[in-house]
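Residues per chain are reported as follows:
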Amino acid sequence: METLLVGLLKLPVIGRWIDTLCAWQYRLVAAAMRRARRYDVRPREWSNRELARIGAAFDGAVINVSGWRDEDQRGGHYRDYFPRAASYTVSNFKGTRGMEQGDDGVFIDLEADLPESLLRRFQVAYNHTTLEHVFEIRKAIENICALSDDAVILVTPFLQSVHFEEGAFGDYWRPTPMCMTRILADQGFTTVYQAANDTPWHYVYLFTVAVRDPASSRFKAESFEVPVIGARHFSV
């Protein structure tokens, strides 16, 4: 069957038609999978479910770093994913999807040094899909770690189309699991959990939890294997 398809694709006229047909078939199947397996396939639904599983483990102060309006893009707010949090703060930067008039959040520039008043002020520092937009990603992760006295929870894209807004933010990075683990280790954090929605039907996110001290952390994770992301995505 594959040999026949290869032969048809090589034909000068019908080949282009077959190519278009194959692309249409893939889009059709992908759309169906995103509906039928939405919590496994769609990256936002998947990462939200991952966060909901572990958010209740923490009972201290939580900060959503560069969280804009704290919306989970599915009608809820990330504040509700940490039901036992003693306090909850949202930080933002200036510009598009940043600080707004009347915003009572905290201003944080992830590429600059943090104010001393914020150092280790929170039990958990959480960030969802911002790091790819920060050119100085090492400094950004350093700052997120410096905010936390216990754990950091980071959601980063591994496979996603380039997305940016001129004059607001760029798009620079797609870190691997090993990359995240290595940068976090440089900040004295141990990665205790990683997972990915590795799928051929949508964008692929990486979900990482790292802690300062695994022995004393509020988050107790079972052993995990570093996800070999892309194995399923490129299997189709």
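Please refer to the structure higher up on the page.
A quick note: this is a predicted structure, and the numbers were derived from the prediction, not measured. (Residues numbered from 1 in each chain as written. Predicted model: local features only at pLDDT ≥ 70, side-chain atom pairs only at ≥ 80, totals over all residues. Heavy atoms only, no water.)

Colleague: Please explain the packing of aromatic side chains as it appears in this structure.
Modeller: Taken as a whole and judged by the stated rule, the model has 11 aromatic pairs. Geometrically, the ring pair formed by Phe-82 and Tyr-88 is tilted, given 6.2 Å between the ring centres and 40 degrees between the ring planes. Measuring from centroid to centroid gives 5.2 Å for Phe-135 and Tyr-172, while their planes differ by 75 degrees, and the two rings are edge-to-face. You can see Phe-135 sitting in the loop between strand 4 (122-128) and helix 5 (137-147) and its partner Tyr-172 sitting in the loop between strand 5 (148-159) and helix 6 (177-186), a full 37 residues away along the chain. Using a relative accessible area of 43% as the deciding quantity, one classes Tyr-172 as partly exposed. Put simply, the rings of Tyr-78, Tyr-81, Phe-82, Tyr-88 and Tyr-126 touch in pairs and so form one group of aromatic residues. Cation over ring: Arg-38 sits above Tyr-39, and NZ or CZ is 5.8 Å from the ring centre. (Phe/Tyr/Trp six-rings, centres within 6.5 Å; stacked < 30°, edge-to-face > 60°. Helix = DSSP H or I, 4+ residues; strand = E, 2+ residues; numbered from the N terminus. Buried < 20%, exposed > 50% of the residue type's maximum accessible area, 1.4 Å probe, protein only. Lys NZ or Arg CZ within 6 Å of the ring centre and 35° of its normal.)

Colleague: Mind showing me how you'd approach the pairing of strand 1 (residues 61-64) here?
Modeller: Here strand 1 shows a buried face lined by Ala-61 and Ile-63 and a second buried face lined by Val-62 and Asn-64. As judged from the four bridges shared by strand 1 and strand 2 (residues 87-92), these two strands associate in the parallel manner. Among the inter-strand pairings, Val-62 is bridged to a residue of strand 2, identified as Tyr-88. Of the strand pairs in this sheet, strand 1 and strand 4 are connected by three bridges, and their pairing is parallel. Pairing of Val-62 across the sheet is with Val-124, part of strand 4. (Pairing = 2+ DSSP bridges.)

Colleague: Looking at this model, I keep getting lost on the sheet that holds strand 7 (residues 204-211). Mind explaining?
Modeller: By way of backbone hydrogen bonds, the strands of a sheet pair with one another, either parallel or antiparallel. Strand order in the open sheet formed by seven strands is 3-2-1-4-5-7-6, with mixed pairing between adjacent strands. The open sheet has two edge strands, strand 3 (106-107) and strand 6 (190-196), and neither has a second partner. Pairing geometry for strand 2 and strand 3, over two bridges, is parallel. Within strand 3, the position partnered with Asn-92 by the bridge is Phe-107.

Colleague: What's the story with the state of the cysteines in this structure? I'm lost.
Modeller: Here is the idea: a disulfide is a covalent bond, and it sits between the sulfur atoms of two cysteines. Tallying each qualifying case throughout the model produces zero disulfides. Free of any disulfide, Cys-145 has its nearest cysteine sulfur in Cys-179, 13 Å distant. (Disulfide = S-S within 2.5 Å.)

Colleague: Sorry, what's going on with the side chain of Glu-45 here?
Modeller: By secondary structure assignment, the location of Glu-45 is in helix 4 (residues 43-54). Residue class for Glu-45 comes out buried when judged on its relative accessible area of 4%. Leaving out residues up to four positions away in the same chain, Glu-45 has contacts with Arg-38, Tyr-39 and Arg-74. (Contact = heavy atoms within 4.5 Å.)

Colleague: Just to check I follow, could you spell out helix 6 for this structure?
Modeller: Each full turn of the α-helix corresponds to 3.6 residues, which orients residues three or four apart in the same direction. Those residues of helix 6 not exposed but buried are Pro-177, Met-180, Ile-183 and Leu-184. Mapping the buried residues of helix 6 onto a view down its axis gives an arc of 140 degrees, with all of them on the same face. Set apart from the buried face of helix 6 by more than 90 degrees, the exposed residues are Met-178 and Arg-182. Here the buried face of helix 6 lies against helix 5, strand 5, strand 6 and strand 7. Positive backbone phi, approximately 85 degrees, marks Gly-188, located one or two places after helix 6. (Arc of directions from axis to C-beta.)

Colleague: What exactly am I supposed to notice about the nonpolar core here?
Modeller: Note on soluble globular proteins: their nonpolar side chains tend to be buried together. Within the largest apolar cluster, 30 residues are counted, with the highest numbers of intra-cluster contacts made by Ile-108, Leu-131, Ile-141, Ile-144, Leu-147, Val-152 and Leu-184. Take this core: its biggest share by element is seven residues, from helix 5. Not counting residues up to four positions away in its chain, the partners in contact with Leu-131 are Ile-137, Ala-140, Ile-141, Ile-144, Leu-154, Thr-156, Trp-173 and Met-180. Core analysis: the next-biggest nonpolar cluster, separate from the first, contains 23 residues, Ile-54, Tyr-81, Val-124 and Phe-219 among them. (Core = buried A, V, L, I, M, F, W, Y, C linked by side-chain atoms within 4.5 Å.)

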